[in-house]
Amino acid sequence: MNAKHADPAAEIREHMAACMQCGTCSASCPNAAFMDVSPRRLWRLAQLNRMDLVAASRTFWMCSACYMCTLRCPRGLPTTETMYALKRLAARTDAPGARSRQAFYRAFAENLEHWGRVQEGALMNTYLRRKANPLLALSFAPLGWKLLRRGKMHLPRGGHKGRLGPLLNKVREMEARP
Ligand code: SF4
Ligand code: SF4
């Protein structure tokens with residue numbers, strides 16, 4: 001997010017001010033079925049300054065940053081970046097559900113940094129532990145076993161362990177610069 005804005009919500013509105021409501025982003029989004037408000041509608045709410053409804057939506061949490069909407073937006077708007085800006089804003093303002101949803105993002109980032117790639121089993125283990133909900137962990141056990149048997153999930157191996165450390169340290173260093 002650009003540091004020149006004291007109000008992150010204002011920057012989000014500014015990003016999406018030129019949205020012409022064509023709906024290409026919604027039609028392109030592979031996760032639209034899991035969103036409560038379509039991306040097009042989310043941008044309209046932002047234009048109308050209904051940031052309360054934007055913040056209450058789970059749409060931006062469902063964004064997997066595939067960049068399809070950004071690639072296809074005829075106005076060239078930073079749609080994916082704005083979805084991320086909304087996640088950061090929700091975390092900063094402690095919006096309802098933000099803490100729980102952030103647990104997954106934190107577990108994902110730590111997993112990637114530790115293993116050098118996403119290690120599915122370890123990721124789910126950390127995530128479910130953070131949720132501190134044994135029933136949730138049990139409900140995923142049959143799916144985990146099925147994925148493991150079919151070779152879609154793997155037990156931790158150390159082949160790439162720590163490989164991304166220097167890259168991520170460099171990113172942190174760049175982000176800390178004034
Ligand atoms: S594709 Fe771009 S212009 Fe069209 S609705 Fe989405 S954000 Fe707006
Ligand atoms: S970047 Fe996010 S909002 Fe855009 S198409 Fe991909 S999942 Fe959907």
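Note: the structure precedes this text.
Residues numbered from 1 in each chain as written. Chains lettered and ligands numbered in written order. Predicted model: local features only at pLDDT ≥ 70, side-chain atom pairs only at ≥ 80, totals over all residues. Heavy atoms only, no water.

**Q** Provide a residue-level description of the packing of aromatic side chains, including the pertinent values.
**A** Under the counting rule described, the total for this entry stands at five aromatic pairs. Geometrically, the ring pair formed by Phe 104 and Tyr 105 is edge-to-face, given 6.2 Å between the ring centres and 85° between the ring planes. Judged by centre distance (5.3 Å) and plane angle (90°), the ring pair of Phe 104 and Tyr 127 falls under edge-to-face. Placement of the pair is Phe 104 in helix 8 (residues 98-115) and Tyr 127 in helix 9 (residues 120-131), with a sequence separation of 23 residues. Its relative accessible area of 15% is what places Tyr 127 among the buried residues. Directly above the aromatic system of Trp 115 lies the positively charged group of Lys 161, at a separation of 5.2 Å from the ring centroid. (Phe/Tyr/Trp six-rings, centres within 6.5 Å; stacked < 30°, edge-to-face > 60°. Helix = DSSP H or I, 4+ residues; strand = E, 2+ residues; numbered from the N terminus. Buried < 20%, exposed > 50% of the residue type's maximum accessible area, 1.4 Å probe, protein only. Lys NZ or Arg CZ within 6 Å of the ring centre and 35° of its normal.)

**Q** Talk me through the site of ligand 2; I want residue IDs and the actual numbers.
**A** Neighbouring ligand 2 are the residues Cys 29, Pro 30, Asn 31, Cys 63, Ser 64, Ala 65, Cys 66, Tyr 67, Met 68, Cys 69, Thr 80 and Met 83. For the shell around ligand 2, the secondary-structure elements that each account for two or more residues are helix 6 (68-72) and helix 7 (79-92). A class-by-class count of the residues in the shell around ligand 2 yields nine nonpolar, three polar and no charged. (Near = heavy atom within 4 Å. Nonpolar A, V, L, I, M, F, W, Y, C, P; charged D, E, K, R; others polar.)

**Q** So what about the nonpolar core? Which residues, and what values?
**A** Ranked by internal contacts, the top residues of the largest apolar core, which has 25 residues, are Leu 42, Trp 43, Met 51, Val 54 and Leu 86. Counting residues per element, the ones that place at least two in this core are helix 1 (8-16), helix 3 (39-47), helix 4 (51-56), helix 5 (59-62) and helix 7. For this core, the element with the most residues is helix 7, which contributes five residues. Each residue touching Trp 43, except ones within four places of it in the same chain, is listed here: Met 16, Cys 19, Gln 21, Cys 25, Thr 79, Thr 82, Met 83 and Leu 86. Residues Ala 103, Leu 123, Tyr 127 and Leu 128 belong to the second largest nonpolar core, which totals five residues. (Core = buried A, V, L, I, M, F, W, Y, C linked by side-chain atoms within 4.5 Å. Contact = heavy atoms within 4.5 Å.)

**Q** Please give an account of unusual backbone geometry that cites residues and values.
**A** You will see that Asn 49, though not glycine, has its phi angle at about 60°, which is positive. Its place among the elements puts Asn 49 in the loop between helix 3 and helix 4. The backbone of Tyr 67 shows a phi angle near 70°, a positive value even though the residue is not glycine. Secondary-structure assignment places Tyr 67 in the loop between helix 5 and helix 6.

**Q** Just give me the short version of the site of ligand 1, but keep the residues and values in it.
**A** Close contacts around ligand 1 come from 13 residues, with Cys 19, Cys 22, Gly 23, Cys 25 and Cys 73 the closest. If you list the elements that add at least two residues to the shell around ligand 1, you get helix 2 (24-28) and helix 3. Counted by class, the shell around ligand 1 contains eight nonpolar, four polar and one charged residues.

**Q** Hey, could you go over the environment of Asp 7 for me, with residue numbers and the actual values?
**A** By secondary structure assignment, the location of Asp 7 is in the segment before helix 1. Judged by relative accessible area, Asp 7 falls into the partly exposed class, the value being 37%. With 122 residues separating them along the chain, Asp 7 and Arg 129 place their C-alpha atoms 35 Å apart.

**Q** How would you summarise the environment of Leu 123 if you had to cite specific residues and measurements?
**A** Mapped onto the elements of the fold, Leu 123 is located in helix 9. Placed 68 residues apart in sequence, Leu 123 and Ala 55 show a C-alpha to C-alpha distance of 27 Å. Residues in contact with Leu 123, not counting those within four places in the same chain, are Phe 104, Ala 107, Phe 108, Asn 111 and Val 118.

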